[in-house]
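Overview (structure and organization)
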Amino acid sequence: DVKVTQSSRYLVKRTGEKVFLECVQDMDHENMFWYRQDPGLGLRLIYFSYDVKMKEKGDIPEGYSVSREKKERFSLILESASTNQTSMYLCASSPIRDSEQFFGPGTRLTVL
Amino acid sequence: GQQVMQIPQYQHVQEGEDFTTYCNSSTTLSNIQWYKQRPGGHPVFLIQLVKSGEVKKQKRLTFQFGEAKKNSSLHITATQTTDVGTYFCVRATNAGKSTFGDGTTLTVKP
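Notes on the structure follow. (Residues numbered from 1 in each chain as written. Chains lettered and ligands numbered in written order. Predicted model: local features only at pLDDT ≥ 70, side-chain atom pairs only at ≥ 80, totals over all residues. Heavy atoms only, no water.)

With that settled, the discussion passes to the state of the cysteines. All chains considered together, the criterion is met by two disulfides over all chains. Disulfide pairing places A:C23 opposite A:C91 at an S-S distance of 1.8 Å. Judged by the sign of its S-S torsion, about -80 degrees, the cystine formed by A:C23 and A:C91 is left-handed. Note that A:C23 is positioned in strand β3 (residues 19-25) and A:C91 in strand β9 (residues 87-94), a separation of 68 residues in sequence. The exposure class of A:C23 is buried, given its relative accessible area of 0%. Linked covalently through their sulfurs, B:C23 and B:C89 form a disulfide whose S-S length is 2.0 Å. (Disulfide = S-S within 2.5 Å. Helix = DSSP H or I, 4+ residues; strand = E, 2+ residues; numbered from the N terminus. Buried < 20%, exposed > 50% of the residue type's maximum accessible area, 1.4 Å probe, protein only.)

Residues and elements named next belong to chain B. Its place among the elements puts T20 in strand β3 (residues 19-25). Polar side-chain contacts of T20 include one of 2.7 Å to the side chain of H75. Ignoring sequence-local partners within four residues, the contact set of T20 consists of P8, S73, L74 and H75. (Polar contact = N/O pair within 3.5 Å; in protein donor to acceptor, adjacent residues only side chain to side chain. Contact = heavy atoms within 4.5 Å.)

Before going further, it helps to examine the pattern of salt bridges. All names here are of chain A. A complete count under the given rule lists 10 salt bridges over all chains for this structure. For K71, the salt bridge identified is with E30, shortest N-O distance 2.9 Å. A residue pair is termed long-range when its members are at least 10 positions apart, and K71 in the loop between β7 (65-70) and β8 (73-78) and E30 in the loop between β3 and β4 (31-38) qualify at 41 residues. Overall, the relative accessible area of 31% leaves E30 in the partly exposed class. A salt bridge links K53 to E69; the shortest N-O distance between them is 2.4 Å. Placement of K53 in the loop between β5 (42-49) and β6 (56-57) and of E69 in strand β7 is noted, with a sequence separation of 16 residues between them. With respect to class, K53 is no different from E69; both count as exposed. (Salt bridge = Lys/Arg side-chain N within 4 Å of Asp/Glu carboxyl O.)

Here the focus is the side chain of B:E54. Position of B:E54 among the secondary structure elements: in the loop between β5 (44-49) and β6 (55-58). In contact with B:E54, not counting residues within four places along its chain, are B:L49, B:F63, B:Q64 and B:F65.

Residue and element names in this part refer to chain A. Reading across from one edge, β1-β3-β8-β7 is the order of the four strands in this open sheet, with antiparallel pairing throughout. One side of each edge strand has no neighbouring strand; the edge strands of this open sheet are β1 (4-6) and β7. Each neighbouring strand pair of the sheet contributes to a mean axis angle of 20 degrees, computed without reference to strand direction. Summarising the sheet, β1 and β3 pair through three bridges and their orientation is antiparallel. Looking across to β3, one finds that Q6 is bridged to C23. (Pairing = 2+ DSSP bridges. Axes fitted to C-alpha atoms, helices over the stretch in contact; angles between N-to-C directions.)

What follows is the structure, encoded as structure tokens:
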């Protein structure tokens, strides 16, 4: 079974803090994704990566950066957290670019 | 960006009734994926459709891909309480970018 894990289920941070969200997959997948999910807005793609050290902007990259130093790990970074970044963050991975995505359990981030 | 529009946003049914959600795109889709997210859970892949006019079935679920590859539907026959959740259609490209529809949230009254 593919397993995608995220470092925290719940996280509370203060405005201006630097926040790291970690995602690890154990199936040697090439592609990894970060989404945020907000009520009424569905899932929106922040960034994705199709290889180590490679990244592509999604639909809403502003205020975020990512890092993929190892194939199994994809990190989402909020350089200076703001209250409008309070959301559920979901990580996913897939073996090829347009194939089935496997999601982690999500991190609910609250920025105060 | 290129969007996929999904309707309805919410659907409330009595257990045993049928349910359908529709997904529409203004551009031709190379494929369409469907996911289900249970309340409090994460999206789980259901199926991928690739061919024009394709119809696939999974027990009580029937998935269709339009002839023009611009629309898709998911139909559930005789809903059960276990069908509760939000159903998403997803446009995925070989460039890697995925676009989720806004989802249809299904509630089932026993």
